[in-house]
Amino acid sequence: MRRRKFLSLISAGSLGTALAPRTGTAAATISGHPETLGVLHDSALCIGCRKCEAACREVNNLPTPDKYKTPEKPFTDLSVLERKRRTDFQRFTVVNKYRSKDGRTVFRKFQCNHCQEPACASACFVRALVKTPQGPVIYKPDLCVGCRYCMIACPYYVPAYDYGNAGNPLVYKCTMCAPRLARGQAPGCVENCPTDALAFGRRLDLLELARARIAAHPGRYTPRIYGEQEMGGTNWLYLSPVPHEELGQPRLGKIPAPELTSGALGAVAIVAGLWPAFLGGLYCISRRRDKTAEQDAALAAATARETAEAEAQETLRQALAKAEKEKEAAIAREVKKAREEAAREFEEKAAPQAKEESTPPPAGEPSS
Amino acid sequence: MNATTDRKKTALLELLRTPGNILTAFILALGLCITVLRFTKGLAGVTNLNDNYPWGIWISFDLLCGVALAAGGYAATTACHLFGLKDFRTSVRPAVTSAFLGYAFVVLALHYDVGQPWRLVYPIFLSQGTSSVLFEVGLCVFIYLSVLALEWSIAVFERLGWKKARARIVRLTIPLTVLGVILSTMHQSSLGALYLIAPSKMHPLWYSPFIPVFFFVSSIFAGMSMVIFEGSLAHRFLRGQMDEEHIRRGDAVVFGFGKAASITMLGYLLIRLYGVALDDNWRFLPTGYGLWFIAELAGFVALPSFLYALGVREKNTRRIRFAALLTIAGIVLNRFNVSLVAFNWQLAPEEKYFPHWMEIAVSAFIVTLIITAYRLICAYMPILRDDPDFETH
Ligand code: SF4
Ligand code: SF4
Ligand code: SF4
């Protein structure tokens, strides 16, 4: 049946529409406000003292480790570093210890990277996460619905949720100390760092600084600044003596997160535009087909009726004609008979004068 | 009129006596208790969700599977109203009913899952995050639920005897159907597109720029299989509610959708493989994840597609119904694979998520609510039969 095939055609058609806009979205341009601020973490200088963790707790009014949901040893206890930890709703930053492939112990600080094109902000369906031109990606607790799509989206596993809160559960992550920046202060963690492992400043300057360090100590660093290009770049940058992957930093490529979904979102316009036309057409065809079928049927019926009528008339005519002929013949027969009779009588009665008179024309002879 | 009242009475009695009702009552009671826990103790009280796994089975099953399996609504209305396949007329109302219930309960389930359900209207009315795929999903589901409510209201108006209101909606049939297809295309594919944003967290075999297409195409045969499956359930358990025509036309629907599903699944299989080829991910096939991927495609796409074709050729409704069941299982498997197996595949085994029993209980609670509501509606409303007072449309 022809109609059933349309179901499979639809799937083929949608393929085209969803693919169309994806082709144009490849070029990743590194953008960002020139004045945007950032922090550089240098693992070659980091001693894993956890002073940044302590400062972060302090400036953000977070509970002390013994009051955590899963209590932890105080910040002075470095045995904590033996475990791989991540941020959560009570820890906006953690320092982790890694053993590199060549056997070195390297520390890396971990917190929100304040991406230039944040996946979390692009994913938030209520704009509760916003990238500011100053640098921080800030969170608006009054808007957050708690869908946690930002947590799905963040490639660094940064945002955390307060699952145990029934009344006002929220997303928590490093704020880059946005309130302090607004007052002209550096982030708490940077201020409390006893070495130069944390540097704060304009992102462009930090890139310069990082390049200068790599150039000055070629053997000390792996020649790559993590965060310079990762998914559009981040405001927090990293230098490391070992490949960044060995410090648990994911390989991400250059395509910014928003570009990954913009193709699919662009397809929406196409779907919204094409479907009505396509389906409307389909509907009209199906209607037309029904109508044509109806008309055809009507026509056929009419023709049939006409033919039948014509046939009937023909038979009638033939029957009439036959009857006519029969009648004619009968009359002719009668006439002939009558004539013969008359002739005989005439001959019998007036045999003597038969020679002078011709046959009289018979009356009522049928015309053909 | 008398016959109808009698039928209703017996239906009610049947409902009260069905042995499964003890189980139903148990699940509902348990669900209510967990509901109280969820909203007094928070998500941590009843789920195993954590910061690495912000989405658990309430998203995988209730949202992703729920929406895919409720696609029967647009599949049936499109076949009947737009393609003019009159055999499908009797399947429209049950499909619209279950789609409406499906979506309504998806939205209910989301109230359990999001942290602050009382703010669920924010993205629509207060602050629109238009760059978010989730925003599109939310908006489409919200509008589509309204469309389904309108489509379904015809049955309600028939029950109430409101002829004018009914006539007004019937006149909107075609625009509503077209709107339903547009919205379904958009949000079915967008559910897949949700995962586009996290390529680094997804296993390459399940991550593809095509994932929205995969989700949409699979929703087509998911919907058709659900219509077949629900039809067979109704034939078995709700026969008392059906009239002659609905029983008679059932087989035509089974064959029509069976054939269409078979073809669509074949196309789906090809584009899934094309997705692997495009990113040159063949090297992942000889791994554990690869075998699992092959199992999904071979056992739950290729096989049911073949069984459908066979069933249609042999005119074997039983085989088709089995194929429908297998397809539905395959859809569930696929959505779980994307959202829980492929997602976070690189995390260590001890970091992985397994649902808390109460999460499973809530999902069971939602499903039970849907089934119970469906049974009640079929008992009291002209869903599986035509109302003799109204012309069919
Ligand atoms: S690191 Fe994650 S949470 Fe921070 S801005 Fe980037 S995407 Fe958002
Ligand atoms: S959890 Fe909150 S901040 Fe995160 S995406 Fe959802 S609404 Fe936005
Ligand atoms: S910038 Fe502020 S919030 Fe972020 S880790 Fe440092 S101290 Fe904590």
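Here the structure is shown first, and the text comes after it.
Residues numbered from 1 in each chain as written. Chains lettered and ligands numbered in written order. Predicted model: local features only at pLDDT ≥ 70, side-chain atom pairs only at ≥ 80, totals over all residues. Heavy atoms only, no water.

K.L.:
Break down the overall build of chain B for me, with residues and values.
P.N.:
A count of helical and extended segments in chain B gives 15 helices and zero strands. Over its C-alpha trace chain B gives a radius of gyration of 21 Å, about what one expects of a compact globule, namely 21 Å for 393 residues. If you line up chain B on its principal axes, its C-alpha atoms span 65 × 55 × 40 Å. For chain B, contacts bridging at least 24 residues in sequence account for 81% of all contacts bridging at least 6. When the accessible area of chain B is evaluated, it comes to approximately 15,600 Å², of which 69% is carbon and sulfur surface. (Helix = DSSP H or I, 4+ residues; strand = E, 2+ residues; numbered from the N terminus. Rg over C-alpha atoms; globule rule 2.2 N^0.38 Å. Contact = heavy atoms within 4.5 Å. Areas by Shrake-Rupley, 256 points an atom, 1.4 Å probe, with all protein chains shown as cover.)

K.L.:
Break down helix α6 (residues 89–113) of chain B for me, with residues and values.
P.N.:
The first and last C-alpha atoms of α6 of chain B sit 36 Å apart over 25 residues, in line with the 36 Å expected at 1.5 Å per residue. A large share of α6 of chain B lies buried, amounting to 20 of its 25 residues. (Expected span 1.5 Å × (residues − 1). Buried < 20%, exposed > 50% of the residue type's maximum accessible area, 1.4 Å probe, protein only.)

K.L.:
Any details on the pairing of strand β1 (residues 37–42) of chain A? Residues and values, ideally.
P.N.:
Residue and element names in this part refer to chain A. β1 sits mainly inside the fold: five of its six residues count as buried. Bridge count for β1 against strand β8 (residues 198–202) is five bridges, and the pairing is antiparallel. Of the residues in β8, the one forming a bridge with Leu40 is Ala199. Here β1 pairs with strand β9 (residues 236–239) via four bridges, running parallel. (Pairing = 2+ DSSP bridges.)

K.L.:
Explain the site of ligand 1 to me, and be specific about the residues and the numbers.
P.N.:
Neighbouring ligand 1 are Cys112, Asn113, His114, Cys115, Pro118, Ala119, Cys120, Val137, Cys154, Tyr156, Pro159 and Lys173 of chain A. For the shell around ligand 1, a count of residues per class yields nine nonpolar, two polar and one charged. (Near = heavy atom within 4 Å. Nonpolar A, V, L, I, M, F, W, Y, C, P; charged D, E, K, R; others polar.)

K.L.:
So what's going on with the site of ligand 2? Residues and values would help.
P.N.:
Taken together, 13 residues surround ligand 2, and among them Cys124, Cys144, Cys147, Arg148 and Cys150 of chain A come closest. Each residue belonging to the shell around ligand 2 can be placed in one class, and the counts come to eleven nonpolar, one polar and one charged.

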